[in-house]
Amino acid sequence: KANLDVGLVFRGNNDLQVEVWSDAAYASYPDTMRSVSGIAVKVGGTTVVHASRQQPIITHSSTEAEWVAMADAIKSGIFVSRLVEFGTGRSATPFVAYCDNQAALSLAIEPRVNKNLRHVPLRVFAIREWVAANLCQLQFVATRFMRADCLTKVGLPWMTFVQHVRNLCGASSN
């Protein structure tokens, strides 16, 4: 009863566009060398899913850590977009998935294989299939605008952290 005024707020403009944000902090657990994934899924500007968690595998590069975070975020985005489609009868795909790592985006879009990718888990290659199936579109966003940064970075300047949290909560249009 103490939080009756807390809840999800959807604007009345029927904009139920799904947005997915993902970020990773490479090897941020010094005792296990595991990375952290931060994901957020927004519907109509309202955050409906957010998570910050240790990745289940040890990644070998920041690009691979971003791929793991991106794959988890896109899976959540697919789930949420299907809920939106079920509830409204309107298609919610393709949605936009934002990432601030250009190498991860490049490898997700271009189907090239090189010797440095042989250690990448096969589940991460699902991103290519989701893009090819037009379930999502990948888009680069500069790190300073990465809304999921507050879910992965410990040493963010206070004002940057507050701005990212406000953006996740829908308090700002940036």
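Just above, that's the structure.
One structure accompanies this document, and this report is about it.

Focus on the packing of helix α1 (residues 62-88) against helix α2 (residues 102-109)
1) Next: The interhelical angle for the contact between α1 and α2, taken along N-to-C directions, is 65°, at an axis separation of 8 Å. Between α1 and α2, the interaxial angle falls into the category roughly perpendicular. Two packed elements cross with a definite hand, and for α1 against α2 that hand is right-handed. Every residue of α2 that contacts α1 at T63, E66, W67 and M70 is listed here: A103, A104, L105, L107 and A108.
2) Next: Considered class by class, the residues forming the contact of α1 with α2 number seven nonpolar, one polar and one charged.

So, the sheet that holds strand β5 (residues 136-140)
1) Next: Read across the sheet, five strands follow the order β3-β2-β1-β4-β5 without closing on themselves; strand pairing throughout is mixed. Unpaired on one side and paired on the other, β3 (46-54) and β5 mark the two borders of the sheet. For this sheet the average axis-to-axis angle between neighbouring strands, irrespective of direction, equals 20°.
2) Next: Bridging between strand β4 (residues 95-99) and β5 involves five bridges; their strand directions are parallel. Residue F95 lies in a different strand from β5, and its bridge partner there is C136.
3) Next: Here α2 sits on the sheet and contacts β4 and β5; the angle it forms with β5, its principal contact strand, is near 150°.

Comments concerning the pairing of β4
1) Next: Most of β4 is tucked away, with five of its five residues classed as buried.
2) Next: Judged by which residues are buried, β4 turns out to be covered on both faces: F95, A97 and C99 on one side and V96 and Y98 on the other are all buried.
3) Next: Both strand β1 (residues 18-29) and β4 contribute to a ladder of three bridges, which runs parallel. Bridge pairing in β4 links V20 to A97.

Some remarks on the environment of T143
1) Next: Tracing the sequence through the fold places T143 in the loop between β5 and α4 (158-169).
2) Next: Residues T143 and C99, 44 residues apart in the sequence, show an inter-C-alpha distance of 8.5 Å.
3) Next: When neighbours within four sequence positions are excluded, T143 is seen to be in contact with D100, D149 and H164.

Focus: the packing of aromatic side chains
1) Next: Considering all chains together, one arrives at two aromatic pairs under this definition.
2) Next: Ring centres of W21 and Y98 lie 4.2 Å apart, and the angle between their planes is 20°; on these two criteria the pair is classed as stacked. With a gap of 77 residues between them, W21 in strand β1 and Y98 in strand β4 connect regions that are remote in the sequence.
3) Next: Relative accessible area serves as the criterion here: at 15%, Y98 is assigned to the buried category.

Cut-offs and rules
- Residues numbered from 1 in each chain as written.
- Predicted model: local features only at pLDDT ≥ 70, side-chain atom pairs only at ≥ 80, totals over all residues.
- Heavy atoms only, no water.
- Axes fitted to C-alpha atoms, helices over the stretch in contact; angles between N-to-C directions.
- Helix = DSSP H or I, 4+ residues; strand = E, 2+ residues; numbered from the N terminus.
- Parallel < 35°, antiparallel > 145°, perpendicular 65-115°, else oblique.
- Left-handed = near helix turned anticlockwise from the far one by under 90°.
- Contact = heavy atoms within 4.5 Å.
- Nonpolar A, V, L, I, M, F, W, Y, C, P; charged D, E, K, R; others polar.
- Pairing = 2+ DSSP bridges.
- Buried < 20%, exposed > 50% of the residue type's maximum accessible area, 1.4 Å probe, protein only.
- Phe/Tyr/Trp six-rings, centres within 6.5 Å; stacked < 30°, edge-to-face > 60°.

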